[in-house]
Amino acid sequence: MSVSGVQQWWDEWQLRVLVLGSLAIQLFLLNRQIQSKFNFPAWFRAYIRLAYIASEPVTINALATLLNRQKKPPESNSADGSRELELLWTPILLMHLGGLNLPSYNIQDNEQWGHHVMVALTQVSVALYVFCSWWPASANKRILAAAILIFIPGILKCIVKPWAARSARFSRLQVQASPSDPDILRRTIRIAEVDLEAYVQRATAMVKGEQSVTLEKWKDPRSSLDDNQFKSHSEKLETVCRMLCADHIFSYADRLQNLISFCKSDGRTLHSSVGSALSNIYNLVYAKQDTSSRRMWMLKVALPMAAICLFHSSHNESYGRHDVRVTLVLVYGTVVVELTFGLLKMWTQSGWPDMLPQYNFIGFVICSISNPTLKRIAELLGSKDLLYQQWGPKPCYSSMHITRLVCGHIKDGWINYISDADRYKAFNDMRGQWTLERKRCESLVWSLERPFDESVLLWHMATDFCLHIPSKSPEHESASRCREISNYMMHLLFANPDMLMAGSRKDLLGTTYTELEAILNGRWRTMSDGELARKIIFFNVFEAEEESKQGFAYDTLVLAQRLMHIGGEEMWEVIQGVWVEMLCYSAVRCRGYLHAKSFGTGMEYLSFVWVLLAYGGMETLPERLQRTQRLSKAKRMELQKGGESSAAASTSRGTVLVKGQDIAAVPSTSQGTGRVMEENAAASSTSLGEATAPEIHIVIAP
């Protein structure tokens, strides 16, 4: 075919290719709706995002091409074409511009709803202008009726899109989570100053009871999270999730009420309820689902189907054969897209997948050394992270078991560790120290007394070394949980370091990789990660270079060897306990906004742990930042004794004590008689959440 022939073919088929391409993109974007349910490969997720970005430009290009073709005189168009059918494609393209209301990738997209309004008005105006300006008066009336039926859902989709974005703003979620009652707000603000000790005492007494019958007497009538206010456990958890995402500070009454509900439920129930609650938050903020969306979906399916009936009943034999086929493909395809999207949307509403992403650093080192050419090409193309994800292990589906470990850790802390406010704070700051203390492994504390990201990488590599030793073969469940939590924490450090801990260094992986690569020096390119671990443990490759003993890898070897000296099941219990504490430590040090932001690209299991800890009465990041610094219990008792002795001394000197401050002595009365007046403040409430007013002592000397 000559160049002129190709040009002629493209002039005739350009519009058809563009409209069919727009439909193909809409069909492919259905994968975005189910992306949260399946573990798509990294390259496939990249294609979905590319289609998400390209969908609107392709459709706008098709609409512009249609406008240009209509401007040309009729004789300049293809003899096989039909101007009327091409105009019928205009409302279909408008439906494509309205989009599928897919889950957004960025939580900030909804804040730009004003921009979406202007874009929607422009798109509708252009589509109506093209159709009304060039629709012939003598055209088939049934084709005109079919076009009007398709225009209705197209215009509604363009209008609803910015409205849905406005309704799903994160700022609106923050407003909904804020208490409207001034009394509740006042008690919430005051929690950082008073009643922590009372809360801890009541909470420990309640948890140690463990009988569900006795839990009712601990309820506080002023709590805004009373079970009687909600229809189901999941509804209450959804309210808690909204408050957490908005970085809301729970009053002590609310914390106690959460703890009561937490103690009533087992791990399986909590895992299911938390997944359902977080899924509802995702549907609200990202998928923008509400009760009206289903009625809109039915309208978007019914009206195009009616248009299909009108098109078939019209006399379309006079139109071009290719244009008739393209029109049928467009209308039927659009109905299939809308119908499938609505069904997928209902299917993806319930729950969240029981999936735990994994990343293994030792395995990555082996793959990188074994494939230097592929690694170099990926670095040149700037897709190194994509390649790393392909080399990583597959996700596991055992988060239910880890949820039970976290729940057990919370209850164990209330029963066996927390006894006062100081130990309550200390428990929330644990990241493995309590496990090492209970198991009498104080010699390993040095591995936790370093930056958190270093401790994570150190224990991850040490766990891998222990897993690949034959005599320490992981035949029991603890070893499997250790591997899964370890690989997940490394996934956070690699893919989402901001959620692991503020200031986590992703380049720490590159530094350690360079160190290991220099030590290995390409000697074991064909080894598996297990063989490499056994070589390091048994043959101690670090003995060759004295300077290597100062590196990070050598610290890992020392930690692994000390863990193996423990041996047996106890070793895996120590490793598991440390990983559970690290997981909890990381979860409560991440802002609610970052948790909500991660929903767009796939919810992290860390958000599950975050909700469980808050629901178990533990301290969240806003509460930690807002609390005041308190002296230790021993120091407070010492100051209290010193205050009592000062009061006794000041009485003999004729000093007036008002709220613990010395004021000038008051002269004696004219009668000359001594009189002591003691005036107390109004009776202070000892109930949870109320401040206790200090007593005022006024002493007048004779």
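Residues numbered from 1 in each chain as written. Predicted model: local features only at pLDDT ≥ 70, side-chain atom pairs only at ≥ 80, totals over all residues. Heavy atoms only, no water.

1. A word on the pattern of salt bridges
Moving on, step 1. Summed over the entire model, instances satisfying the criterion amount to 17 salt bridges.
Moving on, step 2. For the salt bridge of Glu12 with Arg16, the shortest nitrogen-to-oxygen distance reads 3.6 Å. Here Arg16 and Glu12 lie together in helix H1 (residues 3-28), a separation of four residues that amounts to about one turn.
Moving on, step 3. A salt bridge links Glu573 to Lys439, with the nearest nitrogen and oxygen atoms 3.0 Å apart. Taken as a pair, Glu573 in helix H28 (residues 568-587) and Lys439 in the loop between helix H21 (433-438) and helix H22 (452-467) lie far apart in primary sequence, 134 residues in all.
Moving on, step 4. With a relative accessible area of 28%, Lys439 lands in the partly exposed category. (Salt bridge = Lys/Arg side-chain N within 4 Å of Asp/Glu carboxyl O. Helix = DSSP H or I, 4+ residues; strand = E, 2+ residues; numbered from the N terminus. Buried < 20%, exposed > 50% of the residue type's maximum accessible area, 1.4 Å probe, protein only.)

2. With respect to the environment of Gly99
Moving on, step 1. For Gly99, the position within the fold is in the loop between helix H4 (83-98) and helix H5 (113-134).
Moving on, step 2. A relative accessible area of 16% means that Gly99 is categorised as buried.
Moving on, step 3. Sequence separation between Gly99 and Gly154 is 55 residues, and the spatial gap between their C-alpha atoms is 9.3 Å.

3. Considerations on the nonpolar core
Moving on, step 1. By size, the foremost hydrophobic cluster in this structure holds 120 residues, and its most contacted members are Phe361, Trp414, Trp459, Met489 and Leu563.
Moving on, step 2. Ranked by the residues each element gives to this core, the list is headed by H28, at 12 residues. (Core = buried A, V, L, I, M, F, W, Y, C linked by side-chain atoms within 4.5 Å.)

4. A short note on the state of the cysteines
Moving on, step 1. Counted according to the given criterion, the structure contains zero disulfides.
Moving on, step 2. Considering cysteine sulfurs only, Cys241 is the nearest to Cys245, which forms no disulfide, with 6.4 Å between them.
Moving on, step 3. Residue Cys245 is classed as buried on the basis of its relative accessible area of 0%. (Disulfide = S-S within 2.5 Å.)

5. A closer look at a nonpolar patch on the surface
Moving on, step 1. Residues Trp9, Trp10 and Val17 make up a contiguous nonpolar surface patch of roughly 290 Å² in combined accessible area.
Moving on, step 2. Within the fold, Trp10 resides in helix H1. (Patch = residues over 30% accessible without salt bridge, like charges linked within 9 Å, V, L, I, M, F, W, Y side chains within 5 Å. Areas by Shrake-Rupley, 256 points an atom, 1.4 Å probe, with all protein chains shown as cover.)

6. Examining unusual backbone geometry
Moving on, step 1. Unusually for a residue other than glycine, Asp247 sits at a positive phi of about 55°.
Moving on, step 2. Tracing the sequence through the fold places Asp247 in the loop between helix H11 (233-245) and helix H12 (252-264).
Moving on, step 3. Judged by relative accessible area, Asp247 falls into the partly exposed class, the value being 23%.
Moving on, step 4. Unlike most non-glycine residues, Arg440 shows phi in positive territory, near 55°.
Moving on, step 5. Mapped onto the elements, Arg440 comes out in the loop between H21 and H22.

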